[in-house]
Amino acid sequence: MTQADSRLRVRRQDDVTIVEFVDRNILDEANIQQISTEIGSLVESGEAEKLVISFSNVDHLSSAALGALITIHNKLKARGGVLKLTNIDPQIYEVFVITKLNKLFEIHETLDGATASFA
Amino acid sequence: MTQQDTSPGEPLETTRQVLDDPEHINKVETELLDDVKGSDFPEASVFAIRLAFEEAVLNGLRHGHKDLPGTPVTVSWSVTPDRLVLRVRDQGPGFDVHALPDPTAPDRLELPNGRGVMLIHSYMTRVSYNDRGNQVTMEYDRPAGDD
């Protein structure tokens, strides 16, 4: 589903598309643009109306990464799709709370919880 | 590139010029965080300092230097057992931090930009700016009870 040098692991579980990051520093500034483009392509192709992004490998993110997530959220919303986030480390979750983005994004503790919530 | 303060009892200060290049930014960030970890700051502090460094450097490069492409920002820091002082200076015209809109306002929540300064202020103990607004000084105190 993704190109050879992709930083993402993408899989389908029923009609839900699950995106995971390949390595820990994946949301540093250098990689954000590529990740944003890859996920954006998934959304624009219509392959990911129900999208879950798992942060299980992520221990750091910046406002640029938050911006990329918001852009993905907005694109998906415009197409009638839904984005959910999961497996967010407590320190990262605090960033979402400080910026009040925990009110914008639907965040689940576990992947199973996120996928089940589409039912 | 390293400048050493010769006043007795004053902490050593490291100064670096940071280009708008991911590898170079990472290199300087790693050096800063190695100094912080070398002073046994806890992991949560490393997280906070890394975030503030990235936000301040990218603000300087992308906003301060938007009309000065290729110009590095100047980053300097000193680490003591109690505190990190981190300074980022750009060559741009400066900005008024008080004029920034609140990114947590409901009508701004879906905008992708505008959160960097807020995150710096949230994670650092003290933040101050020079009069022109092109230099930010961030101080981070070691958390109480962390010995």
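Computed from a predicted structure; not experimentally measured.

1. Examining the overall build of chain A
Then comes step 1: Each helix and strand counted, chain A has four helices and five strands in total.
Then comes step 2: Helices and strands appear in chain A in the N-to-C order β-β-α-β-α-β-α-β-α.
Then comes step 3: The C-alpha atoms of chain A give 13 Å as radius of gyration, which agrees with the globular expectation for 119 residues (14 Å, within 12%).
Then comes step 4: Summarising its shape, the C-alpha atoms of chain A cover approximately 30 × 30 × 25 Å along the three principal directions.
Then comes step 5: Per-residue burial for chain A yields a buried fraction of 51% across its 119 residues.
Then comes step 6: The contacts in chain A between residues at least 6 apart in sequence include a share of 64% that link residues at least 24 apart.
Then comes step 7: A total accessible area of about 5,400 Å² is found for chain A, and carbon and sulfur atoms account for 45% of it.

2. A closer look at the sheet that holds strand S1 (residues 8-13) of chain A
Residue and element names in this part refer to chain A.
Then comes step 1: Taken together, five strands build an open sheet; the order of strands is S1-S2-S3-S4-S5 and the sheet is mixed. Each end of this open sheet is capped by a strand with a single partner; those strands are S1 and strand S5 (106-108). Each neighbouring strand pair of the sheet contributes to a mean axis angle of 25°, computed without reference to strand direction.
Then comes step 2: Alignment of strand S3 (residues 50-54) against strand S4 (residues 82-86), held across five bridges, turns out to be parallel. Looking at the pairing, Lys50 lines up with Val82 of S4.
Then comes step 3: Against the sheet, helix H2 (residues 63-78) makes contact with S3 and S4, and its axis sits at roughly 145° relative to S4, the strand it touches most.

3. A closer look at the interface of chain B and chain A
Then comes step 1: Each partner contributes residues to the interface: chain B has 22 residues there, and chain A has 26 residues.
Then comes step 2: When chain B packs against chain A, the two sides together hide about 2,100 Å² of surface, and 57% of this comes from carbon and sulfur.
Then comes step 3: At the surface where chain B touches chain A, the tally comes to one salt bridge.
Then comes step 4: Across the pair A:Lys77 and B:Glu110 runs a salt bridge, and its minimum N-O distance is 2.8 Å.

4. Digging into the confidence of the model for chain B
Then comes step 1: Summing up the model confidence of chain B, the mean pLDDT is 92 and the portion of residues at 70 or higher is 93%.
Then comes step 2: The ipTM assigned to the predicted complex is 0.89, against a pTM of 0.91.

5. What to know about the pairing of strand S2 (residues 73-79) of chain B
All names here are of chain B.
Then comes step 1: Buried residues dominate S2, accounting for seven of its seven residues.
Then comes step 2: Burial along S2 is two-sided: Val73, Val75, Trp77 and Val79 and Thr74, Ser76 and Ser78, pointing in opposite directions, are all buried.
Then comes step 3: Note that strand S1 (residues 14-18) and S2 share five bridges and pair antiparallel. Across the sheet, residue Thr15 finds its bridge partner in S2, namely Ser76.
Then comes step 4: As judged from the six bridges shared by S2 and strand S3 (residues 83-89), these two strands associate in the antiparallel manner.

6. Some words on the sheet that holds strand S5 (residues 135-141) of chain B
Across a sheet, paired strands are connected by hydrogen bonds in the backbone, their directions being either parallel or antiparallel.
All names here are of chain B.
Then comes step 1: Pairing is antiparallel across the open sheet formed by five strands, whose spatial order is S1-S2-S3-S5-S4. Where the open sheet ends on each side, the last strands, each with one partner, are S1 and strand S4 (126-129). Averaged over all pairs of adjacent strands, the angle between their axes in this sheet comes to 15°, without regard to strand direction.
Then comes step 2: Contacts between helix H1 (residues 22-38) and the sheet are confined to S1, S2 and S3, with S1 contributing the most and set at about 160° to the helix.
Then comes step 3: Its contacts with the sheet put helix H2 (residues 43-64) on S1, S2, S3 and S5, and the angle it makes with S5 is roughly 180°.

Rules of the game
- Residues numbered from 1 in each chain as written.
- Chains lettered and ligands numbered in written order.
- Predicted model: local features only at pLDDT ≥ 70, side-chain atom pairs only at ≥ 80, totals over all residues.
- Heavy atoms only, no water.
- Helix = DSSP H or I, 4+ residues; strand = E, 2+ residues; numbered from the N terminus.
- Rg over C-alpha atoms; globule rule 2.2 N^0.38 Å.
- Buried < 20%, exposed > 50% of the residue type's maximum accessible area, 1.4 Å probe, protein only.
- Contact = heavy atoms within 4.5 Å.
- Areas by Shrake-Rupley, 256 points an atom, 1.4 Å probe, with all protein chains shown as cover.
- Pairing = 2+ DSSP bridges.
- Axes fitted to C-alpha atoms, helices over the stretch in contact; angles between N-to-C directions.
- Buried area = accessible area lost by both parts, 1.4 Å probe.
- Salt bridge = Lys/Arg side-chain N within 4 Å of Asp/Glu carboxyl O.
- pLDDT = per-residue confidence, 0-100.

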